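Architecture at a glance
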Amino acid sequence: MIEAVLFDLDGTLIEFNYNYASARRIIIAKLIEMGVDSSILSESKPASINMEDAALFMRKKGSSEEELRALRRKVYEAVEPLELEAAGNPVVREGVPNLLLWLKKTGVKIAVCTNNCSMASEIILRKTRLKKFFKHVFTRE
C-alpha cells in the first residue's frame, strides 16, 4: 500500500504562468555579475543546469559552500518578483482536488515539494484552495 505521495507544485498540481525565459535571462545576468564566466551559461539550458554549472565553476575558483549558498540565495531573490507575479493567477489542473481528497480519505500522507519560494507557494496554495490538503510544504528555502 502507498503510504505517502510527494507532489511537485507547478506543472503537476497547478498550471503556473511563470515567465521562464525572463527568469533564465535574470539568472544568467546575476551569475555573471557575481563572477561566473558567461561562456558556461546559456539561455537554452534550464535555470537549474546553469546554477549547477555556475556552482562547479565557482568551486573551481575556490568558493566555499557558504559562499555558494549566498550566491544561490541572491540569484533566487532576483527572480522572486517573477514568481510572485505568476502566483497571482494560478490554475488548478483538472482532477487535482478530487485526487487529493481521495488520497486524504484513504489515509495517504501527502506533501508538496517545489523550487518556488515560500511566499509564492503560500499564495498559490491559498488562491487555489489546495492549502487545506497539505500539512507539509517544502520550498527551496
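Provided above is the structure to which this section pertains.
For the structure given in this document, a descriptive report is provided here. Model, not experiment: these values are computed from the prediction.

1. Topic: the state of the cysteines
Within this structure, the stated rule accounts for zero disulfides. C113 takes part in no disulfide bond, and the closest cysteine sulfur to it belongs to C117, at a distance of 14 Å. On the basis of relative accessible area, C117 is assigned to the buried category, the value being 1%.

2. Focus: the environment of E77
Summarising the element assignment, E77 is placed in helix α3 (residues 65–87). By relative accessible area, which is 48% here, E77 ends up partly exposed. Through-space distance from the C-alpha of E77 to that of S44 is 21 Å; in sequence the pair is 33 residues apart.

3. Some remarks on the packing of α3 against helix α5 (residues 118–127)
One way to put it is that α3 packs onto α5 with a least axis distance of 9 Å and a crossing angle of 5°. Classified by the interaxial angle, the pair formed by α3 and α5 is roughly parallel. Each of E80, E83, L84 and A87 in α3 lies in contact with α5, whose residues at this interface are M119, A120, I123, I124 and K127.

About the thresholds
Residues numbered from 1 in each chain as written. Predicted model: local features only at pLDDT ≥ 70, side-chain atom pairs only at ≥ 80, totals over all residues. Heavy atoms only, no water. Disulfide = S-S within 2.5 Å. Buried < 20%, exposed > 50% of the residue type's maximum accessible area, 1.4 Å probe, protein only. Helix = DSSP H or I, 4+ residues; strand = E, 2+ residues; numbered from the N terminus. Axes fitted to C-alpha atoms, helices over the stretch in contact; angles between N-to-C directions. Parallel < 35°, antiparallel > 145°, perpendicular 65-115°, else oblique. Contact = heavy atoms within 4.5 Å.

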